[in-house]
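Take a look at the letters that make up each chain.
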Amino acid sequence: MDIKPFGVEMWMNEFENNCELNLAETCVESLTLGELFEIAEVQDSILSDLSAMKMTYGAIEGSDRLRSAISSLYSSQTPANVLTTHGTIGANSLVHQTLVGRGDHVISVIPTYQQHYSIPESLGADVELLHLKAENAFLPDLDALRAMVRPDTRLIAINNPNNPTGALMDRDFLEQIVDIARSVGAWLLCDEVYRGTDQHGDGVTAAVADLYEKGISTAGMSKAFSLAGLRLGWIVGPVELLHQVMIHRDYNTISVGQVDELFAAMALENSDKILARAHRITRQNLQIVSDWVEGEPLISWVKPKSGTTALLKYDLPISSREFCVALLEEEGVMLTPGSAMDMEGWLRLGYTNPTDDLRAGLIKLSAFLKRRAS
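Being a predicted model, the structure only gives us computed values, none of them experimental. (Residues numbered from 1 in each chain as written. Predicted model: local features only at pLDDT ≥ 70, side-chain atom pairs only at ≥ 80, totals over all residues. Heavy atoms only, no water.)

Caption draft 1: The environment of Asp210, seen in detail. Locating Asp210 in the fold gives a position in the loop between strand E6 (187–191) and strand E7 (215–220). On a C-alpha basis, the gap between Asp210 and Asn270 in space is 22 Å, while along the polypeptide they are 60 residues apart. Beyond its immediate chain neighbours, meaning those up to four positions away, Asp210 contacts Tyr74, Ser75, Ser76 and Gln77. Reaching out from Asp210, the side chain makes a polar contact with the side chain of Gln77 at a distance of 3.0 Å. (Helix = DSSP H or I, 4+ residues; strand = E, 2+ residues; numbered from the N terminus. Contact = heavy atoms within 4.5 Å. Polar contact = N/O pair within 3.5 Å; in protein donor to acceptor, adjacent residues only side chain to side chain.)

Okay, structure coming up:
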């Protein structure tokens, strides 16, 4: 199988351990295990629970406790509609491997997480890209999507909230996409790993799995739930599909670790507390970025409505990689170049790391821009 290098991951692997201030991070500031135990009120019992745990494979599809907790995040799903995976990245990969074959017609939005177009391409699919544009608030052009679908369209892949733009499709918008997918009988995969970080209300938008009989939602513990170190994700969708996914999963996952599943279940059983924390961080920090953008003549953007990242348009005659490498060398601040996401001329900023780090990083970024402007 021939597959393109994963642009964002290659960039992160190259530089994230060699920066002073990481403004490329995409997770809401990570929790410590001690903080998780305090939130779940298990400080006095967790060591006993772990000591009694026999290190077998555990439940292959995921523990009943965890799948029940995951299903509670959706309006019309049961534990039988849930399959645990090695992170959301594992969930997405399994869905593509299960549904897509050589010659299949696949539509993916771009920018998005590169899995959603590079994996189908590597499988020999006929992949068409629906480009998200700033002038349309980085929302899909529904007329363009209607024109792209065909009677043989196998899969439409979207990402909501969107990485890297922070664009958000509300329920009404998603239902229009569902109607388009249903018109040709296509599967609709929605990567919802940033679900829970909306800037308003309860922070949670509708899930595709709840809207469409052929809708698939993937998500995990890394972004809104601040527990990327668990490497725990899931697929939510029709039971018949999950049975097919299991065939592929048996070859690369077998099961998710019992300790990871225990900690994930504890977190999701206290999701109200963890998401309230996420909302405090994402909403406060985005306002800081918004105020900063207003004072930077070389920077423009479409303000995110959700997620943990923003795309910044810069007005300098250098490539995005040159910009980011120079920023690292001169100021120790790490951003992600748009070229890593097929969005040259833009920069991805992760704004949900510690607030003090964000403020310090933006000051250094301003100094960099001032020097370059002069």
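Still more to cover.
Caption draft 2: Quick peek at the pattern of salt bridges. One pass over the full model with this rule turns up 14 salt bridges. Note that Asp179 and Arg182 form a salt bridge whose closest N and O atoms lie 3.5 Å from each other. Of this pair, Asp179 and Arg182 both sit in helix H8 (residues 171–184), three residues apart, roughly one helical turn. Notably, a salt bridge pairs Glu331 with Lys364, separated by 3.9 Å at the nearest N-O pair. Residue Glu331 is located in helix H12 (residues 320–331), and its partner Lys364 is located in helix H13 (residues 355–373); the two are separated by 33 residues in the primary sequence. On the accessibility criterion, Lys364 (24% relative accessible area) is partly exposed. (Salt bridge = Lys/Arg side-chain N within 4 Å of Asp/Glu carboxyl O. Buried < 20%, exposed > 50% of the residue type's maximum accessible area, 1.4 Å probe, protein only.)

Caption draft 3: Spotlight on the packing of aromatic side chains. Tallied over the full model, the rule gives six aromatic pairs. A ring pair is formed by Trp11 and Phe15, whose centres lie 4.4 Å apart and whose planes are at 50°; its orientation type is tilted. Of this pair, Trp11 and Phe15 both sit in helix H1 (residues 7–15), four residues apart, which is roughly one turn of that helix. Residue Trp11 is classed as buried on the basis of its relative accessible area, which comes to 2%. Among the residues examined, Phe15 registers a relative accessible area of 16% and is labelled buried. (Phe/Tyr/Trp six-rings, centres within 6.5 Å; stacked < 30°, edge-to-face > 60°.)

Caption draft 4: Quick peek at the nonpolar core. Counting 67 residues, the largest nonpolar core has Ile156, Ile158, Leu188, Phe323 and Leu335 as the members making the most contacts within it. Considering every element that reaches this core, the biggest residue donor is H8, with six residues. Counting residues in each nonpolar core, the second largest holds 34 residues, with Leu36, Ile39, Val42 and Leu227 among its members. (Core = buried A, V, L, I, M, F, W, Y, C linked by side-chain atoms within 4.5 Å.)

Caption draft 5: Spotlight on unusual backbone geometry. Residue Pro161 is reached from Asn160 by a cis peptide bond, and omega for that bond is -5°. Tracing the sequence through the fold places Pro161 in the loop between strand E5 (153–159) and H8. For the bond from Asn163 to Pro164, the omega torsion is 25°, close enough to zero to count as cis. In this fold, Pro164 is placed in the loop between E5 and H8. Not every positive phi belongs to a glycine, and Ser226 is a case in point at roughly 60°. Position of Ser226 among the secondary structure elements: in the loop between E7 and strand E8 (233–236).

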